[in-house]
Amino acid sequence: MRIFSRIAGTGSYLPPRRLTNVDLAVELAATGVHTSDDWIVERTGIRARHFAAPDVCSSDLGTEAARRALLAAGVLAKDIDLIIVATSTPDMVFPSTACILQNKLGANGCAAFDVQAVCSGFIYALTIADAMIKSGAATKALVIGAEVFSRILDFEDRGTCVLFGDGAGAVVLEASVTPGILSSVLHADGKHVGILCVPGQVSGGAILGDPLLKMDGQAVFKLAVGLLDGAARAALIKAGKVAADIDWLIPHQANIRIIQSTARKLKLSMDKVIVTVDQHGNTSAASIPLALDTGVRTGKVKPGQLLMLEGVGGGFTWGAVLLQL
Ligand code: UT7
């Protein structure tokens, strides 16, 4: 019998500290950095983001999101046999955030590792978990995107520090005789490393280079709008579907203009797009599972519907997953 993987439950978690654009603008103005609600809303669609307290790590946010996903799926932590965490803001250099999270969750013993594909991380992690379930290497997986991007922001660079937020989203993916994940597409092009990166490294007990996020916003914008609909179309073709079959587009939440452009190219009305960038900002690898869980919990996204998840980010990396919920 052919084995597929399907999402059995979703969860998410946002740290309690919420800053509107005005809150952030006031804080930044105190250090001589000037921005405004108007500028941020007009260029990005972002109205608010959440920042984690200084002692809270990606594993803390991810653990809470995972608990909620387990509850929604009716699955116990001890029955999970695979944990994949997508993050670019790990708790430590090593061990992986997935191992730290596994211990907090009480799922000790199962396979656990991190995936680093920046904002496409959740798409990569979901694709790997799907392949492991289809191959028989796992039966019940937790796939998590968790980030504390506030830790790597340069609050003197108004071009980037207003864009990102912290949070986590998770899904329980389990073996099933019915699909599930129908197709996925992953890509990377390392020649674009420099347009979105945190170039620093830990070396000889010190930080070598710059440990804060650098971005050429316009270059990232252009690449993103040029790549996303192509990935979505490739995933549709692989599954024998067309764009009109999609019930919900659940894109990476970086900028409303990128989201609108992708929807337009796929000829999808914005009524079929889950948008959370206004409330969460860009939470990198957490943004897609956060948007998915928001869609599920607000009653928009329903079992049986066809979902197109797609993401793009540093690397450059991009990809899409088409699934039946
Ligand atoms: O997960 C993937 C990650 N990233 C993305 O998807 C981001 C993609 N890029 C973008 O979303 C956009 O490029 C940004 C939102 C980052 C920037 O928008 P833009 O329309 O490309 O603006 P810009 O960088 O060309 O800047 C326009 C002006 C500049 O002023 P001058 O030189 O025209 O006087 C900036 O200094 O806006 C100024 N500016 C700001 N003003 C107020 C830049 N940041 C701010 C700010 N507040 N926060």
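This one's a predicted model, so the numbers in the text were calculated from it and none came from an experiment.

Trainee: How should I be thinking about the sheet that holds strand β1 (residues 4-13) in this particular structure?
Mentor: Where strands meet in a sheet, backbone hydrogen bonds hold them as pairs that are either parallel or antiparallel. Spatially, β1-β7-β6-β4-β5 is the arrangement adopted by the five strands of the open sheet, whose pairing is mixed. Whereas interior strands pair on both sides, the edge strands pair on one side only; in this sheet they are β1 and β5 (111-115). Strand-to-strand, the axes of this sheet are offset by a mean angle of 20 degrees, without reference to chain direction. In this sheet, strand β7 (residues 166-176) lies alongside β1 in antiparallel orientation, the contact comprising nine bridges. Directly across from Ile 7, in β7, lies its bridge partner Leu 173. Of the strands in this sheet, β1, β6 (140-148) and β7 touch helix α3 (residues 58-73), which is tilted by about 125 degrees from β1. Contacting β1, β6 and β7, helix α10 (residues 287-297) crosses the sheet at an angle of about 90 degrees to β1.

Trainee: Whenever I open this one, the sheet that holds strand β14 (residues 306-313) confuses me. Can you help?
Mentor: One open sheet holds the four strands; their spatial order is β8-β15-β14-β13, and the pairing between them is mixed. At either margin of the open sheet sits one strand with a lone partner, and together these are β8 (181-188) and β13 (248-251). Each neighbouring strand pair of the sheet contributes to a mean axis angle of 10 degrees, computed without reference to strand direction. Here β13 runs beside β14; their pairing, made up of four bridges, is parallel. Bridge pairing links Leu 249 to Met 308 in β14. Sheet contacts for helix α5 (residues 121-135): β8, β14 and β15 (317-324); angle to β8, the most-contacted strand, approximately 130 degrees.

Trainee: How should the packing of aromatic side chains be read in this particular structure?
Mentor: Geometrically, a pair of aromatic rings is defined through the distance of the ring centres and the angle of the planes. Enumeration over the complete set of coordinates arrives at two aromatic pairs. With 6.0 Å between their ring centres and 80 degrees between their planes, Phe 51 and Phe 155 make a pair best called edge-to-face. Here the residue Phe 51 occupies a position in the loop between β3 (48-50) and α3, and Phe 155 occupies one in the loop between β6 and α6 (158-161), the gap between them amounting to 104 residues. Look at Phe 51 and you get buried, because its relative accessible area is 6%.

Trainee: Explain the site of the ligand here, please?
Mentor: Around the ligand sit 22 residues in total, of which Thr 35, Arg 158, Gln 218, His 252 and Asn 255 are the nearest. Measuring from an oxygen atom of the ligand, one finds a side-chain N or O atom of Gln 218 at 2.5 Å. Burial of the ligand by the surrounding chains reaches 72%, relative to a free accessible area of 960 Å². It is helix α7 (residues 217-239) that provides the largest number of residues to the shell around the ligand, a total of four residues. Split into classes, the residues belonging to the shell around the ligand amount to eleven nonpolar, eight polar and three charged. If you count residues domain by domain, the shell around the ligand takes at least three from each of domain 1 (4-178) and domain 2 (182-324).

Conventions we followed
Residues numbered from 1 in each chain as written. Predicted model: local features only at pLDDT ≥ 70, side-chain atom pairs only at ≥ 80, totals over all residues. Heavy atoms only, no water. Pairing = 2+ DSSP bridges. Helix = DSSP H or I, 4+ residues; strand = E, 2+ residues; numbered from the N terminus. Axes fitted to C-alpha atoms, helices over the stretch in contact; angles between N-to-C directions. Contact = heavy atoms within 4.5 Å. Phe/Tyr/Trp six-rings, centres within 6.5 Å; stacked < 30°, edge-to-face > 60°. Buried < 20%, exposed > 50% of the residue type's maximum accessible area, 1.4 Å probe, protein only. Near = heavy atom within 4 Å. Polar contact = N/O pair within 3.5 Å; in protein donor to acceptor, adjacent residues only side chain to side chain. Areas by Shrake-Rupley, 256 points an atom, 1.4 Å probe, with all protein chains shown as cover. Nonpolar A, V, L, I, M, F, W, Y, C, P; charged D, E, K, R; others polar. Domains from an automatic or database assignment.

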